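Observations on the model geometry
The residues making up each chain are set out below.
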Amino acid sequence: MEQDAIFERLMQLIARYYRDREQGAFVDYFDPGALRQHLHLEDKGGQGNWDELFTWVERYLAHAVKTNHPAYLNRMWGGANLPSVVGEVIAAVTNTSACTFETAPVSTLMEQYLLQTMLDLVGFGEGCGQMTTGSSNANMIAMMAARNSLSPKTKHQGLCGGQQLFAFVNADAHYSMDRAANILGLGTSHLLKIPVDAHGCMRIDALEEQLAQVISAGGRPFFVAATAGTTVWGAYDPLAPLLALRERYRFWLHVDGAWGGSVIFSDRLRQRFLPALEQADSFTLDFHKMPGTALMCNVLLFNRPSMFLREVCSAGDESYIFHQGEDGEVRDLGTLSLQCGRRVDSLKWFLDWKFYGQDGLAERVERYLELCQYAEAQVGRLPELEMVVPRESFNVCFRFKPPVGIPAEPFNRALRERMHRTGRALVGTGHANGQLVLRLLITNINVGKPEIDRFLLSVVETGRELLAEGSDWQ
């Protein structure tokens, strides 16, 4: 098959899928075993047959979850913006690594432009940054930067024999913090989880008490992460009192804005949720969440001079690949990264940024917040539903309220599973205040008030179905 015919056929499949992405059910559900058998994954291949290859593509698309569909409300990301999809296709076709200028000249300049744009927007105008594989990796790099900043010899000599280091996070912080403590050799027991208040925010009094206890026992507090939008509750840890504590205890203050950091695009929402962000030591934001860029796309910013990041990440003999410009300027972005090969993610974000602009993204984030307010109000109007914890920002934590005598957690798990398997909707779950919640997240541009109404009514109808069946919920 000629290359032109291959691309034409591929584009037709993509166009058809994209056109129908909001139609029908969000997924044609099969259990894993049944889907494995249905796909015929063991069929013989290796014959160089393009017709057979496109059969596999069609099978994939037929059973892929339609993340653009209005019933997809399950994750902090949804269907990707079309400009970034274009960027993803171009990045795949050109197939280069963004580690050096000579292999990726345009994406290098795009990434440098975007990093400076984001640094200026956040308020780290004289800082530095990098694009990473996501906020899980970014949180680890920030923790490593804090460790090496406190004790530069650690990079070369390790932690052996040194003062015990302790990091502190919101009790509801993302699990990537635990993994970072493991990977960096701190130990997960040296990551202290601070209790939250009635709004899901880190309790400053409890943090200060823990800081004092660590110091009195001979340890060294070196890192505090403020979560800007906790995963389940959507709470924002208060920056002003954390900055005041930083002055006293000299720790590194990182802001994990993977989810809620997108408020920086709106001046109004930034002042409400992230005042004084410009005084933090580091900040991360996932563009593939609220902004809607194709997965994966993340930025990690440091309130430090440009050479700081190279000192943190660079190690080993890299002279065979990375070179400085004639003026000594870093031109190969791989030297600022923990990775060797780097995807060209900057193109996706660049195209989104140029297409929507800051005002367009601000309008999107503000609209999402308004829709969450609307969803909360609608939950209050439906007697079968109830909010489990107060809505703090972009997360609506609610559940179906079964009659007395029926335990809420197993009932709502069954309700969520019924909705998934029948293709009605896919919504996430989590625990807030020790109670299971249905976690409604709105990061899908195809969701508006009518779609929210349909979703909530579907929850009510599914709950009524389960009650009518009279299952034993004990």
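Residues numbered from 1 in each chain as written. Predicted model: local features only at pLDDT ≥ 70, side-chain atom pairs only at ≥ 80, totals over all residues. Heavy atoms only, no water.

1. Remarks on the environment of G185
- Along the chain, G185 falls in the loop between α8 (176-183) and β4 (191-194).
- Taking C-alpha positions, G185 is 33 Å from F101, a pair spaced 84 residues apart along the chain. (Helix = DSSP H or I, 4+ residues; strand = E, 2+ residues; numbered from the N terminus.)

2. Observations regarding the side chain of R391
- Along the chain, R391 turns up in the loop between β9 (385-387) and β10 (395-400).
- When its relative accessible area of 15% is taken as the criterion, R391 is described as buried.
- Looking at R391, its side chain comes within polar contact range of the side chain of E376, at 2.9 Å.
- Leave out the neighbours within four places in its chain, and R391 touches L369, C372, Q373, E376 and V396. (Buried < 20%, exposed > 50% of the residue type's maximum accessible area, 1.4 Å probe, protein only. Polar contact = N/O pair within 3.5 Å; in protein donor to acceptor, adjacent residues only side chain to side chain. Contact = heavy atoms within 4.5 Å.)

3. Describing the sheet that holds β10
- One open sheet accounts for 5 strands, arranged β1-β11-β12-β10-β9; its pairing is mixed. The open sheet has two edge strands with one neighbour each: β1 (72-73) and β9.
- The pairing of β1 with strand β11 (residues 426-432) spans 2 bridges and is parallel. Bridge pairing links L73 to V427 in β11. (Pairing = 2+ DSSP bridges.)

4. Here's the deal with the pattern of salt bridges
- Tallying each qualifying case throughout the model produces 30 salt bridges.
- A salt bridge links E366 to R268, with the shortest nitrogen-to-oxygen separation between them at 3.7 Å. Separated by 98 residues along the polypeptide, E366 in helix α13 (residues 346-381) and R268 in helix α11 (residues 267-273) bring together distant segments of the chain.
- Overlapping salt bridges bring together R246, E247, R250, D281 and R304 as one network. (Salt bridge = Lys/Arg side-chain N within 4 Å of Asp/Glu carboxyl O.)

5. Thoughts on the pairing of strand β7 (residues 282-286)
- For β7, the tally of buried residues reaches 5 of 5 residues, placing the bulk of the element in the interior.
- Side chains S282, T284 and D286 project from β7 onto one buried face, and the interleaved F283 and L285 project onto a second face that is buried too.
- Where strand β6 (residues 252-256) and β7 come together, 3 bridges link them in parallel fashion. In the strand pairing of β7, V255 is matched with F283.
- Read as a crossover between parallel neighbours, the route from β6 over α11 to β7 is right-handed.
- Bridging between β7 and strand β8 (residues 298-302) involves 5 bridges; their strand directions are antiparallel. By the bridge assignment for β8, D286 is matched with N298. (Right-handed = clockwise from strand over helix to strand, strands pointing away.)

6. Description of the packing of helix α6 (residues 135-150) against α8
- Their axes nearest at 9 Å, the elements α6 and α8 cross at an angle of 50 degrees. As the angle between them shows, α6 and α8 are arranged oblique. Taken as a pair, α6 and α8 cross one another with a handedness that is right-handed. Between α6, through S136, N139, M140 and M143, and α8, the contact on the second element is made entirely by S176, M177, A180, A181 and I183.
- Looking at the contact of α6 with α8 residue by residue, the class counts come to 6 nonpolar, 3 polar and no charged. (Axes fitted to C-alpha atoms, helices over the stretch in contact; angles between N-to-C directions. Parallel < 35°, antiparallel > 145°, perpendicular 65-115°, else oblique. Left-handed = near helix turned anticlockwise from the far one by under 90°. Nonpolar A, V, L, I, M, F, W, Y, C, P; charged D, E, K, R; others polar.)

7. So, the pairing of β6
- Taking burial as the measure, the 5 residues of β6 include 5 buried ones, the bulk of the element.
- Both faces of β6 are covered, namely the face carrying W252, H254 and D256 and the face carrying L253 and V255.
- Strand direction decides the pairing type here: strand β5 (residues 220-227) and β6, joined by 5 bridges, are parallel. Note that in β6 the partner of T227 across the bridge is D256.
- Traced from β5 through helix α10 (residues 239-249) to β6, the parallel crossover comes out right-handed.

8. Digging into the packing of α13 against helix α15 (residues 449-469)
- Put simply, α13 and α15 touch, their axes get as near as 10 Å, and they point 35 degrees apart. In this structure, α13 crosses over α15, and the sense of that crossing is right-handed. Contacts from L371, Y374, A375, Q378 and V379 of α13 reach α15 at K449, I452, D453 and L456.
- Partitioned by chemical class, the residues of the contact of α13 with α15 number 6 nonpolar, 1 polar and 2 charged.

9. Comments concerning the side chain of N395
- Residue placement: N395 occurs in strand β10.
- Take N395: its relative accessible area is 0%, and that puts it in the buried class.
- For N395, the side chain forms a polar contact with the main-chain oxygen of V232, separated by 2.9 Å.
- Looking at N395, its side chain comes within polar contact range of the side chain of W259, at 2.8 Å.
- Aside from chain neighbours lying at most four places away, what touches N395 is T230, T231, V232, W233, G234, W259, R439, L440 and L441.

10. A word on the environment of G187
- Note on placement: G187 falls in the loop between α8 and β4.
- Under the relative-accessibility criterion, G187 is labelled partly exposed at 26%.

11. Examining unusual backbone geometry
- Residue M296 is bonded to the preceding L295 through a cis peptide linkage, with omega at -15 degrees.
- Along the chain, M296 falls in the loop between β7 and β8.
- Positioned with a positive phi, H40 is a non-glycine residue whose angle comes to about 60 degrees.
- Note on placement: H40 falls in the loop between α2 (32-39) and α3 (50-63).
- Given a relative accessible area of 38%, H40 falls into the partly exposed group.
- Positive phi, normally seen in glycine, also occurs at N95, with a value near 45 degrees.
- Within the fold, N95 resides in the loop between α4 (82-94) and α5 (105-122).
- Residue N95 is classed as exposed on the basis of its relative accessible area, which comes to 65%.

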